Each structure stands twice: as C-alpha cells, then as structure tokens.
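Letter by letter, the chains look like this.
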Amino acid sequence: MDLFNIYNYLSEEAVHQIIKVLLIIVISIPILLLFRGWARRFFTKKYAPHYGMLAGKVVFYTGIILIIITVMGQLGISLAPLLAGAGIVGVALGFASQTSVSNIISGLFLIAEQPFKVDDIIDVGGTIGIVMSIDVLSVKLRTFDNKFVRIPNETIIKTQVINLTRFPIRRFNAKVSVAYKEDIEKVREILMEVAEKNQYSLSEPEPQIIFEAFGTSSIDLDFRIWAPVDEWIFLKNTIQEEIKKRFDKEGIEIPFPHVSFYTGEASKPLPIELIQKKESLSVTNDQ
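The shown structure was predicted, so the numbers you read here are calculated from the model rather than taken from an experiment. (Residues numbered from 1 in each chain as written. Predicted model: local features only at pLDDT ≥ 70, side-chain atom pairs only at ≥ 80, totals over all residues. Heavy atoms only, no water.)

Caption draft 1: Region of the structure containing the environment of T62. Along the chain, T62 falls in helix 2 (residues 49–74). A relative accessible area of 40% means that T62 is categorised as partly exposed. Spatially, the C-alpha atom of T62 lies 9.6 Å from that of L32, the residues being 30 residues apart in sequence. (Helix = DSSP H or I, 4+ residues; strand = E, 2+ residues; numbered from the N terminus. Buried < 20%, exposed > 50% of the residue type's maximum accessible area, 1.4 Å probe, protein only.)

Caption draft 2: Expanded view of the packing of aromatic side chains. One pass over the structure, following the stated rule, counts six aromatic pairs. A centroid spacing of 5.9 Å and a plane angle of 80 degrees characterise the contact between F172 and W232, whose relative ring orientation is edge-to-face. Highlighted residues: F172 in strand 6 (residues 169–178) and W232 in helix 7 (residues 232–250), separated in sequence by 60 residues. A relative accessible area of 7% places F172 in the buried class. Ring geometry for F211 and F214: centres 5.1 Å apart, planes at 55 degrees, overall tilted. (Phe/Tyr/Trp six-rings, centres within 6.5 Å; stacked < 30°, edge-to-face > 60°.)

Caption draft 3: Fine view of the sheet that holds strand 5 (residues 161–163). The five strands are arranged 4-3-2-1-5 in an open sheet whose pairing can be described as antiparallel. Because the sheet does not close on itself, it has two edges, and the strands there are strand 4 (148–152) and strand 5. With strand direction ignored, the average angle separating the axes of adjacent strands in the sheet is 40 degrees. Both strand 2 (residues 127–134) and strand 3 (residues 138–143) contribute to a ladder of five bridges, which runs antiparallel. From the neighbouring strand, G129 faces strand 3, where its bridge partner is T143. (Pairing = 2+ DSSP bridges. Axes fitted to C-alpha atoms, helices over the stretch in contact; angles between N-to-C directions.)

Caption draft 4: Region of the structure containing helix 7. Between the first and last C-alpha of helix 7 there are 27 Å, a value that for 19 residues agrees with the 27 Å anticipated at 1.5 Å per step. Within the sequence span of helix 7, burial applies to W232, L235, T238, I239, I243, R246 and F247. Mapping the buried residues of helix 7 onto a view down its axis gives an arc of 165 degrees, with all of them on the same face. Buried residues along helix 7 sit in contact with strand 6, helix 6 (184–197) and strand 8 (219–228). In the stretch just after helix 7, G251 is the one whose phi turns positive, near 75 degrees. (Expected span 1.5 Å × (residues − 1). Arc of directions from axis to C-beta. Contact = heavy atoms within 4.5 Å.)

Caption draft 5: Structural detail: the nonpolar core. If you look at the biggest cluster of nonpolar residues, it comprises 23 residues, and the most contacted ones within it are F223 and F247. Elements with a minimum of two residues in this core: strand 6, helix 6, strand 8 and helix 7. Looking at this core, the element that brings in the most residues is helix 6, giving six residues. Excluding residues within four positions of it along the chain, F247 makes contact with V176, V178, V187, I190, L191, I252 and I254. The next biggest cluster of nonpolar side chains, apart from the first, holds 10 residues, and it includes V131, V139, I151 and I156. (Core = buried A, V, L, I, M, F, W, Y, C linked by side-chain atoms within 4.5 Å.)

Caption draft 6: Region of interest: the layout of surface pockets. Taken as a whole, the largest pocket encloses approximately 260 Å³ of empty space. Around the largest pocket, the lining residues are D119, D120, I121, I128, F144, L164, T165, R170, V229, D230, W232 and I233. Looking at the lining of the largest pocket, its residues break down into seven nonpolar, one polar and four charged. (1 Å grid on protein atoms, 1.4 Å probe; cavity = no way out; pocket = protein on both sides within 12 Å on 5 of 7 lines; lining within 4 Å. Points joined across faces, edges and corners; volume = space filled by probe spheres on them. Nonpolar A, V, L, I, M, F, W, Y, C, P; charged D, E, K, R; others polar.)

Caption draft 7: Focus on the side chain of S106. Considering the arrangement of structural elements, one finds S106 in helix 4 (residues 98–113). What S106 contacts, discounting residues up to four positions off in sequence, is N153, E154 and I157.

Caption draft 8: Structural context of the pairing of strand 3. Burial runs high along strand 3: five of the six residues are buried. The antiparallel hairpin formed by strand 2 and strand 3 contains three residues in its connecting segment. With five bridges joining them, strand 3 and strand 4 adopt antiparallel strand pairing. Within the sheet, the bridge partner assigned to K140 lies in strand 4 and is R150. Taken together, strand 3 and the strand that follows it, strand 4, pair antiparallel across an intervening segment of four residues, in which N146 is found at a positive phi of about 65 degrees.

Next up, the structure:
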C-alpha cells in the first residue's frame with residue numbers, strides 16, 4: 001500500500017477543491033498586490049500621497065475579503081451563520097469601540113478637509129513632526145529627534161493644528177535690541193544690508209523692520225525676513241549670526257539688562273563709594 005498516495009486520505013473531489021483553492025490564492029494574491037500598487041500610484045499622482053496610501057489599503061483589504069469569501073465558497077462553507085455571528089459581534093464591538101468610531105469619523109473629516117498631507121511638517125499641541133501617514137484611526141508623525149508619534153484623529157480634530165510647510169515661503173521674526181544711544185536709521189540700514197546679502201533671504205516680500213517697543217534697557221526691533229519654506233531653518237541660523245558680526249564691526253551695542261539706582265533726581269545716579277577697611281593685627285607672645 002502506498003502511504004504517500006493522497007487519495008488514500010482524501011477523496012478525488014476534495015483534492016480537486018484543494019487544488020482550486022490553492023490556484024485561487026496563488027493567482028489572486030499577486031494580482032491584488034499589483035492592483036494595490038497601481039491604485040496607490042494613481043491617487044498619489046492625481047491627488048495627494050495620503051489619498052494614495054488610503055486607496056491602497058482600501059483595495060488591499062477589500063481584495064482580501066473577496067478572496068476569503070471565494071475560498072470559503074469553494075470549500076462549501078456557508079456564510080449565513082458567520083454573517084449572523086458577525087452581526088452580533090459587530091453590535092457588541094460597536095458599543096465597546098465608540099472611541100474608534102469617533103476616530104474613523106474624524107479621519108474622514110481630515111481626509112476631506114486636507115489641513116495637511118504626507119511629508120508636511122505640522123505642530124499639534126506642541127508636538128512638531130513630519131507627517132508619515134494619515135490613516136482612518138490616527139496620524140503618524142516622525143519628530144526631528146527621530147521619535148515616532150501616533151496621534152488619534154479625534155485629538156487632531158479637537159486641537160489647533162499648525163501646518164508649517166503649507167505655503168511655499170515662510171517668515172522669520174528676528175528680535176533685535178540695541179542701546180538707546182544708537183542711531184535707529186543707521187541700525188535699519190545695517191539690517192537691510194544684512195538681509196540683502198543673506199543667500200536665503202527673499203527680496204520679495206521685502207524685509208520689514210518694525211519698531212517694537214521702548215524696552216527696559218534697550219530699543220526693541222522686530223526684523224521680519226522671508227525665505228523659501230525648505231530653507232527657513234538655514235535663514236534662522238545664518239541671519240542672526242550675520243547681525244551679531246555686523247553689529248560688532250559697526251560698534252552697535254547690544255545691551256543686556258541692568259539696574260540703576262537714583263536718589264530722586266532724574267539725571268543723577270546714587271553715588272556709591274567703596275571703602276576698603278584695613279585691620280591691623282597684633283600678636284602678643286606670652287612668655
């Protein structure tokens with residue numbers, strides 16, 4: 001008797017069903033993966049990367065469900081009891097997963113509204129990172145210190161979200177303080193020259209210098225410079241260094257906080273005299 005003859009254990013019909021199931025799986029899985037890749041590329045190119053990611057997931061999971069239903073049909077498994085059981089389980093899960101449902105609905109709003117897309121840099125409640133994916137339950141971020149952050153969609157809907165890279169240019173506000181004795185017009189000319197020579201500063205929109213306030217020990221200016229969004233961080237680093245070097249070269253004083261004491265007159269400070277007291281030491285030798 002041949003122990004390795006499969007017909008000794010299964011009927012010919014059963015063997016044919018198993019072969020059909022294997023053929024369905026072997027043929028449908030590669031086709032499904034190819035169709036998922038096409039859907040991702042199509043929606044990414046036509047709309048946005050997060051639409052491509054979502055379309056790929058919808059195609060993949062829908063295809064998996066169809067394959068499972070087809071395989072079960074070939075094996076002669078009735079779907080009616082499973083669907084009835086799934087309905088009962090679905091009702092129970094519906095009550096137990098209200099947060100997930102809320103996240104799904106919030107995810108649909110995010111996808112429809114498009115406040116940000118994949119690869120944008122956003123600030124959500126103080127957490128700043130690059131958007132990795134926008135899913136139906138959450139948004140995944142990668143922070144600049146290489147941390148993975150998952151934020152539920154419901155949280156994002158309820159929180160202020162700042163998109164730092166939505167527009168092609170971005171402004172940097174440099175806070176500049178100079179001493180009261182300095183000529184403000186000269187300071188303005190120096191700042192505009194620094195902005196003109198900086199390789200990341202844009203000439204349009206034109207840089208602005210706003211007289212912010214009379215500070216406690218300085219005149220405070222708000223120096224506003226624009227840069228391409230991808231070069232904003234380079235502008236921030238270079239422009240402040242160049243201002244410091246130019247002020248040192250021109251003799252422009254950048255004051256630091258200090259306190260003056262007055263006796264009551266507007267112009268005369270309180271005179272302070274330092275007196276060094278010398279003490280004489282005597283040594284007595286007792287013999």
